[in-house]
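Observations on chain architecture
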Protein chains: 2
Amino acid sequence: MTTEKLISEIKKKQSFLCIGLDVDLNKIPKYLLKEEDPIFAFNKAIIDATHHLCVAYKPNTAFYEAYGIKGWKALEKTIKYLNEKHPEIFTIADAKRGDIGNTSTMYAKAFFEDLAFDSVTVAPYMGKDSVEPFLAFKDKHTILLALTSNQGAFDFQTKTIDDKEVYKHVLETSKSWNDANRLMYVVGATKAEYLADIRQIIPDSFLLVPGVGAQGGNLHDVCKYGMNDSVGLLINSSRGIIYASNTEDFAEASATKASELQQEMALELANYFGN
Amino acid sequence: MTTEKLISEIKKKQSFLCIGLDVDLNKIPKYLLKEEDPIFAFNKAIIDATHHLCVAYKPNTAFYEAYGIKGWKALEKTIKYLNEKHPEIFTIADAKRGDIGNTSTMYAKAFFEDLAFDSVTVAPYMGKDSVEPFLAFKDKHTILLALTSNQGAFDFQTKTIDDKEVYKHVLETSKSWNDANRLMYVVGATKAEYLADIRQIIPDSFLLVPGVGAQGGNLHDVCKYGMNDSVGLLINSSRGIIYASNTEDFAEASATKASELQQEMALELANYFGN
């Protein structure tokens, strides 16, 4: 998907919501466990109920790998369902991969070709030649970890090299890589004011923001410091939406939560772009 | 597997060789493509021919994911074959995972429980709470990326924070984490003299060293600077061994290459420990 198409979907739906499909069989409604593929059955119900309220879905690969082949089949079915039924949706493989060049190429093939995701999250630790193989794919997007939303972000990401935090070096350095126009960044919302600094370095890039809601971030502050003239934000919510209920009304309950966030987002868009 | 068992296998086999099972269907002998599962057929032949010469095998997950479900089935069969036929072999899932706490737990389950690997490689960028879920597993080992062997290692890993390189901060900080006695480290062999500094920080930990041979490292120098009283080294070779030939003698050719490295390693062990 092109960035232009993503922006146009955001404007149309008045939403920059991304829903994280992190399916834990211990948390989904019990009666779904009788289904042949409970993970896919759960995802399909969530997608059917919420696709008009969000612009992106983000399965985290860990939750699928934990179930082995069965999990990978569910991941494959989920992305296939999204691509066939909702080609207007931006899809993110939250995989946090990254390896030496020829190996990263294999990962890029896995997620961009075999599974046909629009984007994949990538860890920056191994540097340029571990990321560029992902950037080589046209109309695909690489979402580089910059500042994550967990406590461990303070172990290395916020340490300073020459008076500048490691995550800012990641932003500045990666800007110069080949096809960097295909880069987006993961930026945690736990400290929204960091976004002002980040926007100085990468004014135009899309940011994937986890950690609004459950992890403590505030939607309004994220928009205040992070929104740009192309919107430039995808805000993710996983557990807060998909586990809104664990009875038979779980899909409707997820739609209610997604709708609340969509309405807040519509207000923020009106604030920034006018009515 | 316990570390003691690994050390005793090294002493018995006079080898600290790890063979990387990075199977690319474009590089294996053409006639294997007729097999029902060419990737597993290739791995099985390599394992049958080399298991007495090495102490560890390391499939890189990227090469399996690139082939989708078929690839994951081959990975599952490979680890099952190793665990059943050669329980004395130390197995490494070269996956370079890492995510927020509850998600890392899912990855740990995928590799330690579902696939039953002895160890997994993990990226440090997201800090303590992204790594500790892996460390919680008894008799399992977490191999943390410190200094990798690729050019991109110089983008962030060797930059200095308070006059100390980022990868040294990774070594020092991770030493204090819960169950850090289950930590090993990936340290590239491209600059063997770095190993002297590294041994100052982590004298006792095992190091997984890629990049000997194809990537330019020198076995003798790695041993000179990296070996400790528990050996403390696993040296990986992938392409140099598994693609030694791509005709019908490929397994024998891989054994010849592995044997050459094993003999060099036996000399290094004799050098260090006496005969």
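Counting of residues starts from 1 at the beginning of each chain's written sequence and follows it residue by residue. Here chains are named by letter from A upward and ligands by number from 1 upward, in the order in which they appear as written. In keeping with the predicted nature of the model, local features appear solely for residues at pLDDT of at least 70, side-chain atom pairs appear and are counted solely at 80 or more, and the whole-chain, interface and lining totals rest on all residues. Values reported for side chains reflect all heavy atoms of the structure, with hydrogen atoms and water molecules removed beforehand.

Observations regarding the confidence of the model for chain A
Within a predicted model, pLDDT stands for the predictor's per-residue confidence, ranging from 0 to 100. Across chain A, pLDDT averages 95, with 98% of residues at or above 70. Interface scoring of the predicted complex returns ipTM 0.95; its pTM is 0.97.

Regarding the relation of the copies chain A and chain B
Superposing chain A onto chain B takes a rotation of 180 degrees plus a shift of 0.0 Å along the axis, which leaves an RMSD of 0.0 Å. Within this description, the copies of the chain are treated as partners about a two-fold rotation axis. Considering only C-alpha atoms, the residue of chain A closest to the rotation axis is A:Ile161, which sits at 2.3 Å. Mapped onto chain B, 100% of the interface residues of chain A again fall at the interface, so both copies present the same surface. The superposition of copies rests on a least-squares fit of C-alpha positions from residues with pLDDT of 70 or more in both. Contacts are residue-level and defined by heavy atoms, with any inter-residue pair within 4.5 Å sufficient.

Thoughts on the UniProt feature "active site" (unreviewed entry) in chain A
UniProt positions are given in the numbering used here, feature names are shortened, and annotations may be inferred rather than shown by experiment. The UniProt entry lists A:Lys96 under the feature "active site" (unreviewed entry), expressed in the numbering used here. Take A:Lys96: it is sitting in strand S3 (residues 90-97). Setting aside residues no more than four positions away along its own chain, A:Lys96 makes contact with A:Asn60, A:Thr121, A:Val122, A:Ala123, A:Leu145, B:Lys96, B:Gly98, B:Asp99 and B:Met126. Strands are runs of DSSP state E lasting at least 2 residues, helices are runs of H or I lasting at least 4, and numbering of each runs from the N terminus.

What to know about the pattern of salt bridges
By definition, a salt bridge exists where a carboxyl oxygen of Asp or Glu is found within 4 Å of a side-chain nitrogen of Lys or Arg. This structure, assessed with the given rule, holds 30 salt bridges over all chains. Note that A:Arg182 is salt-bridged to A:Asp179, the shortest N-O span being 3.8 Å. When its relative accessible area of 17% is taken as the criterion, A:Arg182 is described as buried. We classify A:Asp179 as partly exposed; its relative accessible area is 34%. B:Arg97 serves as the salt-bridge partner of B:Glu65, at 2.7 Å between the closest nitrogen and oxygen. Here B:Glu65, found in helix H3 (residues 61-65), pairs with B:Arg97, found in strand S3 (residues 90-97); they are 32 residues apart in sequence, far enough to count as distant. For B:Glu65, a relative accessible area of 1% gives the class buried. Linked by salt bridges that have partners in common, A:Lys58, A:Asp94, A:Lys96 and B:Asp99 make up one network. Burial here depends on accessible area, computed with a 1.4 Å probe over protein chains only, as a share of the maximum for the residue type. Under 20% is buried, over 50% is exposed, and the range in between is partly exposed.

Digging into the sheet that holds strand S8 (residues 183-187) of chain B
Residue and element names in this part refer to chain B. Strand pairing is defined by DSSP finding a minimum of two bridges between the two strands. Read around the closed barrel, the 8 strands follow the order S1-S2-S3-S4-S5-S8-S9-S10; overall the barrel is parallel. Taken pair by pair, the neighbouring strands of this sheet meet at an average axis angle of 30 degrees, ignoring direction. Taken together, the 5 bridges between strand S5 (residues 141-147) and S8 define a ladder with parallel strand orientation. In the sheet register, Leu-145 faces S8, and the bridge partner there is Val-186. Helix axes are fitted only over the stretch in contact, all axes being lines through C-alpha atoms; the angle between N-to-C directions runs from 0 to 180 degrees. Packing against the sheet, helix H6 (residues 128-135) makes contact with S3, strand S4 (119-122), S5 and S8, and its axis sits at approximately 145 degrees to S5. Across the face of the sheet, helix H7 (residues 166-174) comes into contact with S5 and S8 while running at roughly 150 degrees to S5.

Some details on the pairing of S8(B)
All names here are of chain B. Counting buried positions along S8 yields 5 of 5 residues, so the element is predominantly enclosed. Side chains Leu-183, Tyr-185 and Val-187 project from S8 onto one buried face, and the interleaved Met-184 and Val-186 project onto a second face that is buried too. The pairing of S8 with strand S9 (residues 207-209) spans 2 bridges and is classified as parallel. Considered in S9, the bridge of Val-186 is made with Leu-208.

Here we look at helix H11 (residues 250-273) of chain A
In this analysis, the expected span of each helix is defined as 1.5 Å times one less than the number of residues it contains. With 24 residues, H11(A) should reach 34 Å at 1.5 Å per residue; the first-to-last C-alpha distance of 34 Å fits that figure. Of the residues flanking the end of H11(A), it is A:Gly274, one or two places downstream, whose phi is positive at about 80 degrees.

With respect to the interface of chain A and chain B
Every contact between the two is made by 54 residues of chain A and, on the other side, 55 residues of chain B. Of the roughly 4700 Å² buried at the junction of chain A and chain B (both faces included), carbon and sulfur atoms supply 63%. The largest share of the area that chain A buries against chain B comes from A:Met106, A:Tyr125 and A:Phe156, three residues that together contribute 20% of it. Taken together, chain A and chain B are joined by 4 salt bridges. Two N or O atoms form a polar contact when they lie within 3.5 Å of each other; inside protein one atom must be a possible hydrogen donor and the other a possible acceptor, and for residues adjacent in sequence the pair counts only when both atoms belong to side chains. One can count 24 residue pairs in polar contact (both at pLDDT 80 or more) joining chain A with chain B. When residues of the side of chain A that touches chain B are traced back to their parent elements, those giving at least two are helix H3 (61-65), helix H4 (68-85), S3, helix H5 (101-114), helix H6 (128-135), strand S5 (141-147), strand S6 (160-161) and helix H7 (166-174) of chain A. The element best represented in the side of chain A that touches chain B is H5(A), accounting for 7 residues. We define buried area as the total accessible area lost by two parts upon association, computed with a 1.4 Å probe and summed across both.

Observations concerning the sheet that holds strand S2 (residues 56-59) of chain A
All names here are of chain A. A barrel is described by the order of its strands in space; here 8 strands give the closed sequence S1-S2-S3-S4-S5-S8-S9-S10, paired in parallel fashion. Going across the sheet, the axis of each strand differs from the next one's by a mean of 30 degrees, ignoring polarity. One ladder, built from 3 bridges, connects S3 with strand S4 (residues 119-122); its direction is parallel. The partner of Arg-97 across the bridge, within S4, is Val-122. Contacting S5 and strand S8 (183-187), H7 runs over the sheet at an angle of about 150 degrees to S5.

So, the packing of helix H2 (residues 38-50) of chain A against H4(A)
All names here are of chain A. Running from N to C, H2 and H4 point in directions that differ by 25 degrees, and their axes come no closer than 9 Å. By the angle class used here, H2 and H4 are roughly parallel. Considering how the two elements wind past one another, H2 and H4 form a crossing that is right-handed. Here Ile-39, Phe-40, Asn-43, Lys-44, Ile-47 and Asp-48 of H2 lie close against H4, whose contacting residues are Gly-71, Ala-74, Lys-77, Thr-78, Tyr-81 and Leu-82. Any residue outside Ala, Val, Leu, Ile, Met, Phe, Trp, Tyr, Cys, Pro, Asp, Glu, Lys and Arg is labelled polar, Gly included; the first ten of those are nonpolar and the last four are charged. Partitioning the contact of H2 with H4 into residue classes produces 6 nonpolar, 3 polar and 3 charged. Working definition: roughly parallel below 35 degrees, roughly antiparallel above 145 degrees, roughly perpendicular at 65 to 115 degrees, and oblique for all remaining angles. Helix crossings fall into two classes, left-handed where the near helix is turned counterclockwise from the far one by less than a right angle and right-handed where it is turned clockwise.

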